[in-house]
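Letter by letter, the chains look like this.
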Amino acid sequence: MNIWVICGQVSFLILILFFLFFTLFNLLEKEKKAFIRSSIILSFLIVINLGFYMAVLPLKNLLFGSTGILFLVIFLILIISPRPKNEIQIIGLQKRIDERDAIFSRFDLKEGTKRFIEYYKQKPHFKKIDEKIRKFPDILSPTHIKKNPWLFSLSAAEFDFLEYQLSQVDGKINAKSRKLSPEKNTRMVKGLMKYLGADLCGICELDEAYVYSNVGRGPEFYGEEINLTHKYAIVFAVQMDFSLVASAPNSPVIVETAKKYVEAARISITMANCIRRLGHTARAHIAGSNYQAILPPLAWKAGLGELGRMGTLISWKYGPRVRLGLITTNIPILPDKSICFGVQNFCEKCLKCAHCCPSNAIPAGSKTEENGVLKWVLKREECYRFWCRVGTDCAICMYVCPYSKPDNIFHNVIRKMTSRSSAIQTLSVWSDDFFYGRRPKPRKGCLEF
Ligand code: SF4
Ligand code: SF4
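What counts, and at which threshold
Residues numbered from 1 in each chain as written. Chains lettered and ligands numbered in written order. Predicted model: local features only at pLDDT ≥ 70, side-chain atom pairs only at ≥ 80, totals over all residues. Heavy atoms only, no water. Helix = DSSP H or I, 4+ residues; strand = E, 2+ residues; numbered from the N terminus. Expected span 1.5 Å × (residues − 1). Buried < 20%, exposed > 50% of the residue type's maximum accessible area, 1.4 Å probe, protein only. Arc of directions from axis to C-beta. Contact = heavy atoms within 4.5 Å. Near = heavy atom within 4 Å. Nonpolar A, V, L, I, M, F, W, Y, C, P; charged D, E, K, R; others polar. Salt bridge = Lys/Arg side-chain N within 4 Å of Asp/Glu carboxyl O. Patch = residues over 30% accessible without salt bridge, like charges linked within 9 Å, V, L, I, M, F, W, Y side chains within 5 Å. Areas by Shrake-Rupley, 256 points an atom, 1.4 Å probe, with all protein chains shown as cover. Polar contact = N/O pair within 3.5 Å; in protein donor to acceptor, adjacent residues only side chain to side chain.

What to know about helix α8 (residues 149-164)
Helix length check: α8, at 16 residues, gives a terminal C-alpha distance of 22 Å against a target of 22 Å (1.5 Å per residue), a fit within 8%. Among all positions of α8, only Leu151, Phe152, Ser155, Glu158 and Leu162 are buried. Buried residues along α8 cover an arc of 120 degrees about the axis, so they all sit on one side. Looking at α8, the residues exposed on the side facing more than 90 degrees away from the buried face are Trp150 and Tyr164. Buried residues belonging to α8 abut α7 (142-145), α11 (251-277) and α15 (380-390).

So, in structure tokens, the structure goes:
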């Protein structure tokens, strides 16, 4: 039998197996649209393949042979296409950011108070946009709670729980310091973080540029200078449940966000306490107004992922579908290196988050410079304005991002392939739109019992 005929038959077999697995995974993941479309393609492939087998010679050889050549050419194009390797570019000086300018700090200010009046006197450029946003009821306000009393109350309770933990983030250090090697400390930190529930964990040196300059929220005094001199940052992530994220922008997503912040707080407070018991300084940084540093760039430095178009961390396994946590410390540990798996190139082609963002907060154009970094700059106020409109943290961008797909063998193979070839990235962007939809609809019925 001709080599091209065998090649054609093998190509069909591989394609049929691929679509069989894809259809099964779509069924398991309750992806209705993708399931219907992949089933149709699978049936079509089986029918064509049977048709080829039933053809008479030499037509049969001609059909399989030409299919073999076609697939081999496509395969070679996909394989020899250049590896996507654009990295995040730091092109200038990075200044420390004042936490008082962060959007949550601005919206913590109570109208009419001395602090409120003074802030907007000093920063008048924020006044107009903030006034517009203040016309909407805030996230988790009674207006929104009425829409789903149980779920909004649950997330409010989770955020209350975080507030109760604020006094636990730092504490007494054991006078007797345990001197263990950095290698041993690193292994123990990473192993125990995983044991405590962190899905990803990395270490980097604490770059001063990512430490806030002044307190904007939290138990410390408002406006106080932040003097965080720890040498290392232990950055970790806990993944969010895909089906709950897929309900975005409805109430289950904020329940899941708050739940994962609570988990991150438990992990970071426990580990920081453990390190202090070993006689080294350590501070946990938790959600609910307690961060002294900016987490996404530290997570990038610690090798947890890259920063994508939507401005958040895109991790290898879970994409942006994570919540981050941080411990800063002086215990001797070994930093990791940042990683590059093609996110910058993928985001240039994809733009799905920008198209789906209901507030046009995610830029659809090219990168611009902000504080010394070349990046896609999120319009934070527009994003927050939408949060106030829906009463949740929206997360539509997180849901639709192709990197957010569940962590399973099928999607991990796709992740691996997209990191290797620019052409596979293009095919993957196109396939994601075709199978899951350019604007996927939110899933209903999550957390309804
Ligand atoms: S959270 Fe929602 S509003 Fe904000 S950037 Fe993402 S999609 Fe846009
Ligand atoms: S949705 Fe697409 S463009 Fe947006 S962050 Fe994810 S991969 Fe990048």
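Past the structure itself, the notes keep going.
Thoughts on the site of ligand 1
All residues adjacent to ligand 1 are Cys357, Pro358, Ser359, Ile362, Leu378, Cys383, Trp387, Cys394, Ala395, Ile396 and Cys397. Of all the elements in the fold, those that place two or more residues in the shell around ligand 1 are α15 and α16 (396-400). Counted by class, the shell around ligand 1 contains ten nonpolar, one polar and no charged residues.

A word on the pattern of salt bridges
For the coordinates displayed, the defined rule picks out 21 salt bridges. Asp170 is the partner of Arg276 in a salt bridge, and the nearest nitrogen-oxygen pair spans 3.8 Å. Taken together, the positions of Arg276 in helix α11 and Asp170 in the loop between α8 and α9 (182-196) put the pair 106 residues apart, joining distant regions of the chain. Here Asp433 and Lys352 are joined by a salt bridge, their closest N and O atoms 3.4 Å apart. Of this pair, Asp433 sits in helix α18 (residues 422-436) while Lys352 sits in helix α14 (residues 352-356), and the two are 81 residues apart along the sequence. Exposure remark for Asp433: the relative accessible area of 21% places this residue in the partly exposed category.

Concerning a nonpolar patch on the surface
There is a patch of nonpolar side chains on the surface, built from Ile3, Trp4, Ile69, Leu72, Val73, Phe75, Leu76, Ile77, Ile79 and Ile80 and spanning about 980 Å² of accessible area. For the nonpolar patch, the secondary structure elements donating two or more residues are α1 (3-28) and α3 (59-80). No other element matches the eight residues that α3 contributes to the nonpolar patch.

Some points on the site of ligand 2
The environment of ligand 2 is made up of Arg309, Met310, Ile314, Phe346, Cys347, Cys350, Leu351, Lys352, Cys353, Cys401, Pro402 and Tyr403. Secondary-structure elements contributing two or more residues to the shell around ligand 2 are α13 (343-350) and α14. Here the shell around ligand 2 takes three residues from α13, the largest share from any one element. Split into classes, the residues belonging to the shell around ligand 2 amount to ten nonpolar, no polar and two charged.

Overview of the environment of Phe136
Tracing the sequence through the fold places Phe136 in the loop between α6 (127-134) and α7. We classify Phe136 as partly exposed; its relative accessible area is 30%. In the structure, Phe136 is positioned 222 residues away from Pro358 in sequence and 16 Å away in space, judged by C-alpha atoms. Other than its neighbours up to four places away in sequence, Phe136 contacts Arg385, Cys388 and Arg389.

Remarks on the side chain of Ser38
Its place among the elements puts Ser38 in helix α2 (residues 32-54). Given the relative accessible area of 0%, Ser38 is considered buried. Here Thr23 takes part through its side chain, which lies 3.3 Å from a polar atom of the side chain of Ser38. Here Ser38 is in contact with Phe19, Phe22, Thr23, Asn26 and Phe435, once residues within four sequence places are set aside.

Side note on the environment of Ser289
In this fold, Ser289 is placed in the loop between β4 (282-285) and α12 (295-301). Owing to a relative accessible area of 9%, Ser289 belongs among the buried residues under this scheme. Along the sequence, Ser289 and Ile203 sit 86 residues apart, while their C-alpha atoms lie 23 Å from each other. For Ser289, the residues in contact, after removing those within four places along its chain, are Glu163, Leu166, Arg217, Gly218 and Pro219.

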